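A structural walkthrough
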Amino acid sequence: MDAPFSPAASSPADGGELFVDMMSQPSRACCFFVHLARLPLTRRQVVLGRKEQLLDSFPNPLKQVPCLVERDGFVLPESSAILKYLADRHAVADHWYPRELRARARVNAALDWQHFSLRRGAAGVTWFSLIARNMGMKTDPGMARAMLNVLRGALGKLEKTWLTDEAPFMMGSSQPCIADLLVSEVSFLLTTSTRPGSYSNPALSTRRKSSTSRSSRRSTRTLGCLPRWMRCSGRITRGSPGS
């Protein structure tokens, strides 16, 4: 269930509210999880371009999305923390966030790695090439190229270290974990031009274009992504609720 953000919004729904902007990669990852795990949350759309996150009524004191608000007023920022909390709070299928100590530790390691590698590179490329312009600031092609190199390196590590030929998901798993959700959202870059300073504005929705499209194949060659990663991302974005 979706609803726009309003300063006069009523109290949270049954399972609470998830405040997101679908232009935000971590927001989309959280929305994927809510959908696939059938969690009883209301999605509140926050338009960062209108600076709605800066309103006094916005619940996250960090003024960022995503943000989870539960019925009793509990507020939780940060996508990784939200995904881990929701997995425990709603007792979802074990493959999302394993209860076994070492399996969970591996998921936590993947979450930490993606934030300082894939996320850093992808966010840097999009910010310096596109988002800064949309926010009324100057783009920086030089920084975009630098972040593209960070992204290329991270995708190489993802391919060689976290993915295997034996299974479609991270750490050799046959089913996705919450780290796969955050990492897979980098795939939206594969539907855009990858030349810094010449990005088009992609259709940002929870449904990704087919990885076999012409633009996706072109971007795959430019970024150096390999088919193993494309299969991983595609399986997540085509996932059915309740899995």
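Because the structure is predicted, anything quoted here is derived from the model rather than measured. Every chain's residues receive numbers from 1 upward, in the order its sequence appears when written. Residues qualify for local features only when their pLDDT is at least 70, as the model is predicted, and side-chain atom pairs are given and counted only at 80 or more; totals for whole chains, interfaces and linings, by contrast, use all residues. Only hydrogens and water are set aside; all other atoms, that is, all heavy atoms of the structure, feed into the side-chain values.

We now examine helix α3 (residues 101–116). Under the scheme used here, helices are H or I runs from DSSP no shorter than 4 residues and strands are E runs no shorter than 2 residues, and both carry numbers assigned from the N terminus. Multiplying one less than the number of residues by 1.5 Å gives the expected span of a helix. With 16 residues, α3 extends 23 Å from end C-alpha to end C-alpha; this agrees with the ideal 22 Å at 1.5 Å per step. Burial classes: relative accessible area under 20% of the type maximum marks a residue as buried, over 50% as exposed, and values in between as partly exposed (1.4 Å probe, protein chains only). Taken together, the buried positions of α3 are occupied by A103, R104, V107, A110, L111, W113 and Q114.

Residue P66 follows V65 across a cis peptide bond; omega there is 0 degrees. Its location among the elements puts P66 in the loop between β3 (42–45) and β4 (67–69). Here R38, not a glycine, exhibits a phi torsion of approximately 55 degrees, which is positive. The topology assignment puts R38 in the loop between α1 (25–36) and β3. Judged by its relative accessible area of 60%, R38 falls in the exposed class.

Before going further, it helps to spend a moment on the nonpolar core. Membership of the largest hydrophobic core comes to 44 residues, with the highest contact counts inside it found for F33 and L158. Where this core is concerned, the elements lending two or more residues are β2 (17–20), α1, α2 (79–89), α3, α4 (118–134), α5 (141–162) and α6 (178–184). Contacts are assigned to residue pairs that have any heavy atoms within 4.5 Å of one another. Among residues more than four places away in sequence, those in contact with F33 are R38, L39, L83, L86, A87, V92, W96, I178 and L181. Counting six residues, the second largest nonpolar core, distinct from the first, contains V46, F58, V65 and C67. For our purposes a nonpolar core is just a set of buried Ala, Val, Leu, Ile, Met, Phe, Trp, Tyr and Cys residues, chained together by side-chain atoms within 4.5 Å.

Right, let's get into the packing of aromatic side chains. Each aromatic ring pair is specified by the distance between its two centres and by the angle formed by the two planes. Stacked, tilted and edge-to-face are the three classes assigned to paired rings of Phe, Tyr and Trp, where Trp is represented by its six-membered ring and a pair needs centres within 6.5 Å; plane angles under 30 degrees give stacked, over 60 edge-to-face, the rest tilted. Under the defined criterion, the tally for this structure stands at four aromatic pairs. A centroid spacing of 5.3 Å and a plane angle of 70 degrees characterise the contact between F33 and W96, whose relative ring orientation is edge-to-face. Placement of the pair is F33 in helix α1 and W96 in the loop between α2 and α3, with a sequence separation of 63 residues. Here F33 matches W96 in class, with each residue buried.

In this section: the packing of α3 against α5. To get an axis, fit a line to the C-alpha atoms, keeping to the stretch in contact for a helix; angles then go from 0 to 180 degrees between the N-to-C directions. Contact geometry of α3 with α5 gives a least axis separation of 12 Å together with a crossing angle of 165 degrees. The pairing of α3 with α5 is recorded here as roughly antiparallel in orientation. The element α3 and its partner α5 pack so that their crossing is right-handed. Residues R106, A109, A110 and W113 of α3 pack against A154, K157, L158 and W162 of α5. The scheme is simple: roughly parallel for angles under 35 degrees, roughly antiparallel for over 145, roughly perpendicular for 65 to 115, oblique for anything else. Crossings are assigned a handedness: left-handed for a near helix turned anticlockwise from the far helix by less than a right angle, right-handed for a clockwise turn.

A pair can form between side chains of opposite charge whenever their charged atoms are brought close. When a carboxyl oxygen of Asp or Glu is within 4 Å of a side-chain nitrogen of Lys or Arg, the pair counts as a salt bridge. With the rule as written, the count across this model stands at five salt bridges. Close ionic contact of E17 with R44 constitutes a salt bridge, the shortest N to O distance being 2.6 Å. Placement of the pair is E17 in strand β2 and R44 in strand β3, with a sequence separation of 27 residues. The two residues E17 and R44 agree in class, both being buried. Among the salt bridges present, the one from E52 reaches R50, with a minimum N-O distance of 3.9 Å. Assessed through its relative accessible area of 15%, E52 is described here as buried. Residue R50 is classed as exposed on the basis of its relative accessible area of 62%.

Turning next to a nonpolar patch on the surface. On the surface, a nonpolar cluster with roughly 260 Å² of combined accessible area is contributed by W127, M135 and M137. Here M137 lies in the loop between α4 and α5. The partly exposed category is assigned to M137, whose relative accessible area is 44%. Distance thresholds for patches are 9 Å for like charges and 5 Å for nonpolar side chains (Val, Leu, Ile, Met, Phe, Trp, Tyr), applied to residues having over 30% relative accessible area and no salt bridge. Surface accessibility in these figures is a Shrake-Rupley result with a 1.4 Å probe; residues are shielded only by whichever protein chains are displayed.

Turning next to the pairing of β3. Across the two faces of β3 the burial differs, with T42 and R44 buried and R43 and Q45 not buried at all. Two strands make a pair as long as DSSP finds a minimum of two bridges between them. As judged from the four bridges shared by β2 and β3, these two strands associate in the parallel manner. Across the sheet, the residue bridging to F19 is R44, located in β3. With respect to chirality, the unit in which β2 leads through α1 into the neighbouring parallel β3 is right-handed. Handedness of a crossover: with both strands directed away from the viewer, a clockwise path from the first strand across the helix to the second marks it as right-handed.

What follows concerns α5. Taking 1.5 Å of rise per residue, the 22 residues of α5 would be expected to cover 32 Å, and the 30 Å separating its terminal C-alpha atoms lies within 8% of that figure. Those residues of α5 that sit buried are A144, M147, L148, L151, A154, L155, L158, E159 and W162. Looking down the long axis of α5, one finds its buried residues gathered within 135 degrees of arc, a one-sided arrangement. Exposed and facing more than 90 degrees away from the buried side of α5 are K160 and T161. We call two N or O atoms a polar contact when they sit within 3.5 Å, provided that within protein one can donate a hydrogen and the other can accept it, with sequence-adjacent residues counted only if both atoms are side-chain atoms. Capping of α5 at its N-terminal end is provided by D140; its side-chain oxygen lies 3.1 Å from the backbone amide nitrogen of G142. The arc under discussion is defined with respect to the helix axis, by the directions toward the C-beta atoms.

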